[in-house]
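# Structural overview
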Amino acid sequence: MRSAIRGLLDGPAVQTWFTIFVSITVQAMPFLVLGVVLSGAIAAFVPPGALARALPKNRALAVPVAGLAGVALPGCECGSVPIAGRLVARGAPPAAALTFLLAAPAINPVVIVATAVAFPGRPEMAVARFGASLLAAVVVGLIWVRIGRDEWVERARRTTTEGGSRWSIFTSTAAHDFLHAGGFLVVGGITAATLQVIIPRSVLDSLAGSGAVAVATMAVLAVVLAICSEADAFVAAGLSQFSLTSRLVFLVVGPMVDVKLVSLQAGVFGRTFASRFAPLAFVSAVASALLVGWWLL
Amino acid sequence: MSNQNQGIVMAFIAMLMLRLSLTDEYLLFVKAAMRPWLITAGAVLALLAVTTFYRRPAATAEHGDGHAHGGPRLAFLLALPFAAVFVVTPAPLGAFAAARQTPRTPPPPSQTAGYVYPALLPPVNGAYEMGLTDFIARSLYDDKHQMAGKPIRLTGFVTPALNGSGFRLTRFVISCCAADGTPVYVDVRTIRSPAADTWVVVEGMWSPASSGAAAETPVLTAKSIRVIPQPSDPYEG
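Here's a quick rundown of the structure. A quick note: this is a predicted structure, and the numbers were derived from the prediction, not measured.

### Here we look at the overall build of chain A
Helix and strand counts for chain A come out as 16 helices and 0 strands. For 297 residues, the compact-globule formula gives about 19 Å, and the C-alpha radius of gyration of chain A, at 19 Å, lands near that figure. Seen along its three principal axes, the alpha-carbon backbone of chain A occupies a region of about 60 × 55 × 30 Å. Looking at the 297 residues of chain A, the share that counts as buried comes to 61%. Here the analysis covers contacts within chain A between residues at least 6 apart in sequence; of these, 85% occur between residues at least 24 apart.

What follows is the structure in structure tokens.
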């Protein structure tokens, strides 16, 4: 019985699926742990209300400030989701926390340096990535100020903190956030691995062509592949059959919207939120990348 | 989910992280530089697992919206990768994955005009060793043809060729984890091709004439092919 199961499971397609699934989960884990540790520290050491006081009173001004603050979180997108959830729970305006969520994985120094290394002799690629990602995040934040409703982020707002010593608040918050995000990370890893095995990348490559088709293909590829923002520039550099602008779209969309990330956001903020936020972020990311690409590349 | 169950789920993922990173198994999934981060994450999760397991139950078990305190049921899925490692024999990306992707062409050197490739490392046991990425880049962009007429030794796995006369010696290049892996390959000319996914060391000659400017895949004419066990780090960085 065991050997029969093994025979079935050791087929090359299952093996490839398994390798990609475990690698996405394992490689995201240190960043998720960093995120929940910082989230625990915020709950334990930042007094309630301090965040709201630290940000500019004017919400439209708080959004770009929160976006720029993303520079301070080195890491990839898995870490920023629990942190943004905790910021909302601690009373930060949702629009500002969401701008931070989108900007941090794309504009932090580790990612920008990786982008510059991946595109040697083309520093404008790193500059364009920084500009387009910050622009897309701020646009989403400003739209959220106008149309966003508090009940859409209810799950994060309602998250309470247990009392007790600082140490106990820290560990219980980190564990709580980890368990909320972790299962969804596994779902995201399963989805990305399945899509990678079902859709041969060579089919997507054949759509390289020109203009709009290439842009649409790269935008979809970013969502489907779910590659960490610290590695995606190297993948984009290898896809040299695509135009530079379409590869910029890939780099701007990937850290904001991908199957694993949407799943994580659903876990931390709820499904109602994710079904509104992901399309908004996707459209804003593509539009910002096209605008900045047309200007700089 | 009770505190005990939450602790157990986190213990599973902590054990997975530590098991992979304290052996060489992690190299099948992520690149070598990730190791300290995997160990740290495993240790932090083990600590959280223990503190959660022994925490007294909270006074209020449910929030108003019925969302269970401490984690949704979905958190049980975190035990899945741990279970999977025991059921499926872990293996690196191989011929199946390589055949589904467009191979990567290494980028040209950053200073395009007048770039001189560094001299080849001294030969080991009568042949010059290098990675597939380095070999392909030199065959495409080294105007001085330093590799011409020299015995070259390359290591990789076998992907069947599209036409008969040999196989594709293949390696995956990863930047972070296997999900971003893209294959590179060299066409090996030989009359005897090992089975797909066999790891081999090939010694042979590269001649600039054999790969014209049009052909981007360089060709190595094999003198000897030796089957080897899968290396502990199957990817090129």
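### Looking at the overall build of chain B
When helices and strands are tallied, chain B shows 5 helices and 7 strands. Out of the 237 residues belonging to chain B, those deemed buried represent 38%. Sequence separation of at least 24 residues holds for 72% of the intrachain contacts in chain B that already meet a minimum separation of 6.

### Some thoughts on unusual backbone geometry
For residues besides glycine, phi is generally negative; the peptide bonds are generally trans as well. Its identity as a non-glycine residue notwithstanding, Ala226(A) has a phi of 55 degrees, on the positive side. One can find Ala226(A) in the loop between helix H12 (211-225) and helix H13 (232-238). Phi at Asp197(B) takes a positive value of approximately 75 degrees, unusual for a residue other than glycine. The exposure class assigned to Asp197(B) is partly exposed, which follows from the 19 C-beta atoms found within 10 Å.

### Quick look at the interface of chain B and chain A
The interface is formed by 58 residues belonging to chain B together with 53 residues belonging to chain A. Looking at the side of chain B that touches chain A, the elements with two or more residues in it are helix H1 (3-22), helix H2 (35-53), helix H3 (80-87) and helix H4 (95-99) of chain B. Broken down by element, the side of chain B that touches chain A gets its largest block of residues, 9 residues, from H2(B).

### As for the packing of helix H8 (residues 123-147) of chain A against helix H14 (residues 244-253) of chain A
All names here are of chain A. In contact at an axis separation of 9 Å, H8 and H14 are set at 50 degrees when each is read in the N-to-C sense. With respect to their mutual orientation, H8 and H14 come out oblique. Crossing of H8 over H14 shows right-handed handedness. Where H8 abuts H14, its residues Ala-128, Arg-129, Ala-132, Ser-133 and Ala-136 lie against Leu-248, Leu-251 and Val-252. Its residues placed into classes, the contact of H8 with H14 shows 6 nonpolar, 1 polar and 1 charged.

### Let's talk about the packing of helix H4 (residues 59-69) of chain A against H8(A)
Residues and elements named next belong to chain A. As a packed pair, H4 and H8 sit with axes 9 Å apart at the nearest point and diverge in direction by 150 degrees. Of the possible angle classes, the one that applies to H4 and H8 is roughly antiparallel. H8 is crossed by H4, and the crossing has right-handed handedness. Facing Arg-59, Ala-60, Val-63, Pro-64, Ala-66 and Gly-67 of H4, the residues of H8 in contact are Leu-134, Ala-137, Val-138, Gly-141, Leu-142 and Val-145. For the contact of H4 with H8, a count of residues per class yields 9 nonpolar, 2 polar and 1 charged.

### Details of H14(A)
Most of H14(A) sits inside the fold, with 9 of its 10 residues counted as buried. Among all positions of H14(A), only Thr245(A), Ser246(A), Arg247(A), Leu248(A), Val249(A), Phe250(A), Leu251(A), Val252(A) and Val253(A) are buried.

### Some points on the pairing of strand S5 (residues 199-205) of chain B
Residues and elements named next belong to chain B. Across the two faces of S5 the burial differs, with Val-200, Val-202 and Gly-204 buried and Trp-199, Val-201, Glu-203 and Met-205 not buried at all. Alignment of strand S2 (residues 151-160) against S5, held across 7 bridges, turns out to be antiparallel. Considered in S5, the bridge of Phe-157 is made with Trp-199.

### Quick notes on the environment of Phe130(A)
Residue and element names in this part refer to chain A. Along the chain, Phe-130 turns up in helix H8. For Phe-130, a count of 20 C-beta atoms within 10 Å corresponds to the buried category. Taking the C-alpha atoms as reference points, Phe-130 and Val-252, 122 residues apart in sequence, are found 8.7 Å from one another. Beyond its immediate stretch of four places on either side in the chain, Phe-130 contacts Ile-107 and Ile-112.

### Let's talk about helix H15 (residues 259-269) of chain A
Three or four residues apart is the spacing at which side chains of an α-helix point the same way, because the helix has 3.6 residues per turn. Residue and element names in this part refer to chain A. Across the 11 residues of H15, 11 count as buried, placing the element largely inside the fold. Among the residues of H15, those classed as buried are Val-259, Lys-260, Leu-261, Val-262, Ser-263, Leu-264, Gln-265, Ala-266, Gly-267, Val-268 and Phe-269. Structurally, H15 contributes buried residues whose contacts are with helix H2 (12-45), helix H5 (77-89), helix H9 (154-158), helix H10 (166-198), H12 and helix H16 (271-296).

### A closer look at the environment of Phe282(A)
Residue and element names in this part refer to chain A. Positionally, Phe-282 belongs in helix H16. As a C-alpha pair, Phe-282 and Asp-258 span 24 residues in sequence and 9.2 Å in three-dimensional space. Every residue in contact with Phe-282, bar those within four places of it in the chain, is listed here: Val-253 and Val-257.

What counts and what doesn't
Residues numbered from 1 in each chain as written. Chains lettered and ligands numbered in written order. Predicted model: local features only at pLDDT ≥ 70, side-chain atom pairs only at ≥ 80, totals over all residues. Helix = DSSP H or I, 4+ residues; strand = E, 2+ residues; numbered from the N terminus. Rg over C-alpha atoms; globule rule 2.2 N^0.38 Å. Buried ≥ 20, exposed ≤ 12 C-beta atoms within 10 Å, placed from the backbone. Contact = placed C-beta atoms within 7 Å. Axes fitted to C-alpha atoms, helices over the stretch in contact; angles between N-to-C directions. Parallel < 35°, antiparallel > 145°, perpendicular 65-115°, else oblique. Left-handed = near helix turned anticlockwise from the far one by under 90°. Nonpolar A, V, L, I, M, F, W, Y, C, P; charged D, E, K, R; others polar. Pairing = 2+ DSSP bridges.

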